[in-house]
Protein chains: 2
Amino acid sequence: MSSNDHQPKQQKPSLSRERVVAAAIAILDGEGENALTFRALAKSLSTGSGAIYWHVADKRTLLAAATEHVLSEAIAQSGRGTHPADAVRDVALGVFDVIEAHPWVGTELAREPWQPAMTTLFEKISAGFDAMGVPRSALFYCGSALVQYLLGFAAQAAAAARHDFQSQDRTEVLTTLVARWTQGEPADYPYVHLLADELRSHDEREAFLAGLDLILAGARNLQG
Amino acid sequence: MSSNDHQPKQQKPSLSRERVVAAAIAILDGEGENALTFRALAKSLSTGSGAIYWHVADKRTLLAAATEHVLSEAIAQSGRGTHPADAVRDVALGVFDVIEAHPWVGTELAREPWQPAMTTLFEKISAGFDAMGVPRSALFYCGSALVQYLLGFAAQAAAAARHDFQSQDRTEVLTTLVARWTQGEPADYPYVHLLADELRSHDEREAFLAGLDLILAGARNLQG
DNA sequence: ACCTGAACACCGTTCAAGT
DNA sequence: ACCTGAACACCGTTCAAGT
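Residues numbered from 1 in each chain as written. Chains lettered and ligands numbered in written order. Predicted model: local features only at pLDDT ≥ 70, side-chain atom pairs only at ≥ 80, totals over all residues. Heavy atoms only, no water.

- For chain A, an unreviewed UniProt entry supplies the name TetR/AcrR family transcriptional regulator and the organism Kushneria aurantia.
- Under the heading Function (unreviewed entry), UniProt records this for chain A: "TetR is the repressor of the tetracycline resistance element; its N-terminal region forms a helix-turn-helix structure and binds DNA. Binding of tetracycline to TetR reduces the repressor affinity for the tetracycline resistance gene (tetA) promoter operator sites." (UniProt positions renumbered as here; feature names shortened; annotations may be inferred.)

1. Quick look at the environment of Gly50(A)
Here is step 1 of the chain: Topologically, Gly50(A) is positioned in helix H3 (residues 49-52).
Here is step 2 of the chain: Taking relative accessible area as the criterion, Gly50(A) reaches 51% and is therefore assigned exposed. (Helix = DSSP H or I, 4+ residues; strand = E, 2+ residues; numbered from the N terminus. Buried < 20%, exposed > 50% of the residue type's maximum accessible area, 1.4 Å probe, protein only.)

2. A word on the protein's contact with DNA strand C
Here is step 1 of the chain: Taken together, 19 residues form the shell around DNA strand C, and within it Thr47(A), Gly50(A), His55(A), Arg39(B) and Lys59(B) come nearest.
Here is step 2 of the chain: The sugar-phosphate share of atoms of DNA strand C within 4 Å of the protein amounts to 49%.
Here is step 3 of the chain: In the model, a phosphate oxygen of DNA strand C is placed 2.6 Å from a nitrogen or oxygen of the Lys59(B) side chain.
Here is step 4 of the chain: For the surface near DNA strand C, the secondary-structure elements that each account for two or more residues are H3 of chain A together with helix H2 (38-44) and helix H3 (49-52) of chain B.
Here is step 5 of the chain: Considering each element in turn, the surface near DNA strand C owes the most residues, 3 residues, to H3(A).
Here is step 6 of the chain: Considered class by class, the residues forming the surface near DNA strand C number 6 nonpolar, 8 polar and 5 charged. (Near = heavy atom within 4 Å. Polar contact = N/O pair within 3.5 Å; in protein donor to acceptor, adjacent residues only side chain to side chain. Nonpolar A, V, L, I, M, F, W, Y, C, P; charged D, E, K, R; others polar.)

3. Some remarks on the domain arrangement of chain A
All names here are of chain A.
Here is step 1 of the chain: Split into domains, chain A comes out as domain 1 (14-57) and domain 2 (71-221).
Here is step 2 of the chain: Between the C-alpha centres of domain 1 and domain 2 there is a distance of 29 Å.
Here is step 3 of the chain: Facing 7 residues of domain 1, the contacting portion of domain 2 comprises 7 residues.
Here is step 4 of the chain: The largest share of the area that domain 1 buries against domain 2 comes from Leu28, Asp29 and Glu33, three residues that together contribute 72% of it. (Domains from an automatic or database assignment. Contact = heavy atoms within 4.5 Å. Buried area = accessible area lost by both parts, 1.4 Å probe.)

4. A short note on the pattern of salt bridges
Here is step 1 of the chain: Under the criterion given, the structure shown has 12 salt bridges over all chains.
Here is step 2 of the chain: For the salt bridge of Arg205(B) with Asp97(B), the shortest nitrogen-to-oxygen distance reads 2.8 Å. With Arg205(B) in helix H11 (residues 204-220) and Asp97(B) in helix H5 (residues 84-101), the pair connects residues that are 108 residues apart, well separated along the chain.
Here is step 3 of the chain: On the basis of relative accessibility, which here comes to 36%, the residue Asp97(B) falls in the partly exposed class.
Here is step 4 of the chain: Ionic contacts of the salt-bridge type, sharing partners, join the residues Asp86(A), Arg89(A) and Asp213(A) into one network. (Salt bridge = Lys/Arg side-chain N within 4 Å of Asp/Glu carboxyl O.)

5. Points about the protein's contact with DNA strand D
Here is step 1 of the chain: Residues in close proximity to DNA strand D total 19 residues, the closest being Arg39(A), Lys59(A), Thr47(B), Gly50(B) and His55(B).
Here is step 2 of the chain: Backbone sugar and phosphate groups make up 49% of those atoms of DNA strand D lying within 4 Å of the protein.
Here is step 3 of the chain: One of the backbone nitrogen or oxygen atoms of Gly50(B) is found 3.4 Å away from a base oxygen of DNA strand D.
Here is step 4 of the chain: Trp54(B) is positioned with one of its side-chain polar atoms (N or O) 3.2 Å from a phosphate oxygen of DNA strand D.
Here is step 5 of the chain: At the level of secondary structure, the elements contributing two or more residues to the surface near DNA strand D comprise helix H2 (38-44) and H3 of chain A together with H3 of chain B.
Here is step 6 of the chain: Among the residues forming the surface near DNA strand D, the class breakdown is 6 nonpolar, 8 polar and 5 charged.

6. Description of the relation of the copies chain B and chain A
Here is step 1 of the chain: Of the transformation placing chain B onto chain A, the axial shift is 0.0 Å and the rotation is 180 degrees, giving an RMSD of 0.0 Å. When the rotation and shift are considered jointly, the pair of chain copies conforms to a two-fold rotation axis. (Least-squares fit on C-alpha atoms with pLDDT ≥ 70 in both.)

7. What about helix H10 (residues 190-201) of chain B?
Here is step 1 of the chain: Of all the positions in H10(B), only Tyr191(B), Val192(B), Leu195(B), Ala196(B) and Leu199(B) are classed as buried. The buried residues of H10(B) occupy one face: seen down the axis, they fall within an arc of 160 degrees. Every exposed residue of H10(B) that faces more than 90 degrees away from the buried side is listed here: Asp197(B) and Ser201(B).
Here is step 2 of the chain: Contact partners of the buried residues in H10(B): helix H7 (116-132) and helix H8 (136-167) of chain A together with helix H9 (170-181) of chain B. (Arc of directions from axis to C-beta.)

8. What about the packing of helix H5 (residues 84-101) of chain A against helix H11 (residues 204-220) of chain A?
Residues and elements named next belong to chain A.
Here is step 1 of the chain: Two elements in contact, H5 and H11, have axes separated by 11 Å at closest approach and are oriented at 145 degrees. The two elements H5 and H11 meet at a crossing, and its hand is right-handed. For the pair H5 and H11, the contacting residues are Ala85, Val88, Arg89, Ala92, Leu93, Phe96 and Asp97 in the first and Glu204, Arg205, Phe208, Leu209, Leu212, Asp213, Leu216 and Arg220 in the second.
Here is step 2 of the chain: For the contact of H5 with H11, the residue count by class is 9 nonpolar, no polar and 6 charged. (Axes fitted to C-alpha atoms, helices over the stretch in contact; angles between N-to-C directions. Left-handed = near helix turned anticlockwise from the far one by under 90°.)

9. Some thoughts on the packing of aromatic side chains
Here is step 1 of the chain: Evaluation of the coordinates by the stated rule reveals 18 aromatic pairs over all chains.
Here is step 2 of the chain: Pairing Phe153(A) with Phe208(A) gives two aromatic rings, centres 5.0 Å apart and planes at 55 degrees, and the pair type is tilted. In this pair, Phe153(A) sits in helix H8 while Phe208(A) sits in helix H11, placing the two residues 55 residues apart along the sequence.
Here is step 3 of the chain: On the basis of relative accessible area, Phe153(A) is assigned to the buried category, the value being 2%.
Here is step 4 of the chain: The class for Phe208(A) is buried, based on a relative accessible area of 1%.
Here is step 5 of the chain: With centroids separated by 5.6 Å and ring planes inclined at 25 degrees, the aromatic side chains of Tyr149(B) and Phe208(B) adopt a geometry described as stacked. Remark: Phe208(B) occurs in helix H11 and Tyr149(B) occurs in helix H8 (residues 136-167); sequence separation between them is 59 residues. Phe208(B) carries the same exposure label as Tyr149(B), and that label is buried.
Here is step 6 of the chain: An aromatic cluster is defined as three or more aromatic residues linked by ring pairs; in this entry it consists of Trp114(A), Phe122(A), Phe140(A), Tyr141(A) and Trp181(B). (Phe/Tyr/Trp six-rings, centres within 6.5 Å; stacked < 30°, edge-to-face > 60°.)

10. Focus on the interface of chain B and chain A
Interfaces are frequently sized by the accessible area removed from exposure as the parts join.
Here is step 1 of the chain: On the side of chain A, 54 residues touch chain B, which itself brings 54 residues to the contact.
Here is step 2 of the chain: Joining chain B to chain A, the criterion identifies 0 salt bridges.
Here is step 3 of the chain: Where the side of chain B that touches chain A is concerned, the elements lending two or more residues are helix H6 (103-111), helix H7 (116-132), H8, H9, H10 and H11 of chain B.
Here is step 4 of the chain: Considering each element in turn, the side of chain B that touches chain A owes the most residues, 17 residues, to H8(B).
Here is step 5 of the chain: Tallied by class, residues from the side of chain B that touches chain A come to 31 nonpolar, 13 polar and 10 charged.

Below is the structure:
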């Protein structure tokens with residue numbers, strides 16, 4: 001059509017599993033979980049939807065691969081800290097940060113908790129508890145408890161992000177939540193009403209760390 | 001066809017929100033989460049799929065109503081115990097038992113944590129922590145931490161149940177999980193390999209209670 | 001070996017038409 | 001007011017046909 005038609009044709013880069021996963025992550029981050037369909041993915045990769053199946057087995061696998069991509073590096077690099085408890089905190093905060101940045105990771109973890117990266121996480125956490133002096137017989141329970149706390153946060157954060165994404169208004173979402181929260185009679189729900197303001201104004205990271213410290217304190221309590 | 005054809009025609013009971021929810025629960029319990037479709041539901045109620053929309057707004061609402069139905073009663077009746085910590089344990093165990101009996105409740109909680117029944121749960125838990133002597137300023141964090149631990153268990157239990165449901169063989173599922181679990185080099189994952197046997201043989205209820213006690217011990221630690 | 005895109009099976013949801 | 005069931009829009013996935 002135009003005069004620069006004769007410049008070398010844009011070499012279409014061939015598809016690969018990495019490019020598919022990268023495109024999936026871009027859609028998930030930019031347009032939300034519901035926007036990820038094989039048709040949308042094919043369009044963003046300028047290919048047919050069937051082509052994707054040559055590189056990933058199905059949507060579950062694709063979601064797992066995307067999760068693994070953003071999670072594994074964060075977990076691998078985490079775990080620093082002079083005291084063992086700090087190292088455990090650092091690992092947990094690594095996951096926290098990933099979920100804040102990519103809420104769909106929270107959805108995926110809540111649905112399919114045992115991603116490969118979670119094994120690395122369990123390893124690091126167990127090492128931390130061991131270094132804290134937790135007896136061998138309690139290591140598994142401590143690790144499991146921390147993982148489950150993490151998964152619970154993931155579920156809650158992902159649900160909140162999904163609602164935010166729909167209404168584009170964080171304050172409105174929180175107001176709605178607090179309204180439902182305080183729907184019961186104050187006489188029947190004194191603590192809920194007492195703590196409703198904190199629900200509205202709490203800092204997620206601070207609450208996350210406070211809960212983490214509860215588990216760490218409980219674990220410290222198990223020292224021989 | 002047969003001679004008792006002239007008995008009074010089976011009076012077809014009219015539809016209602018309760019009957020729809022009850023039928024949904026029956027499908028979820030009996031045939032699994034994937035079996036719940038509006039077509040299957042309509043068939044089991046001997047009606048058209050459009051009729052259901054007269055009683056429930058959409059599938060999300062239906063799932064929430066089903067969850068509320070099995071969860072609210074369990075939570076309302078729980079919370080007994082002579083010591084405050086026992087009362088908190090009792091509430092948490094109530095949810096544990098519901099999820100063991102109806103794994104789809106775990107999926108739903110992991111996806112949509114703030115069901116109405118969860119407000120009652122938060123109320124009871126907060127009362128327990130207060131009675132344990134947790135300072136007012138830490139009540140919200142303690143309650144949130146316990147809820148998130150519960151949600152994490154819900155996610156994990158539901159995922160396990162989904163896998164069990166597919167392969168009809170709990171041992172096989174566990175073997176596969178442990179195999180993936182111990183896939184890494186023993187030198188790189190010493191704790192994972194050390195604890196793999198416990199992953200295979202652990203009692204869910206015991207592990208759940210052990211994690212719960214970690215949080216309770218941490219909370220007790222906050223006493224003024 | 002890898003890509004194309006129409007076709008298939010199956011959803012949730014709507015709605016004109018009935019009673 | 002409530003029910004019926006075909007129709008619609010939209011999925012994930014498959015597959016014959018191409019290169």
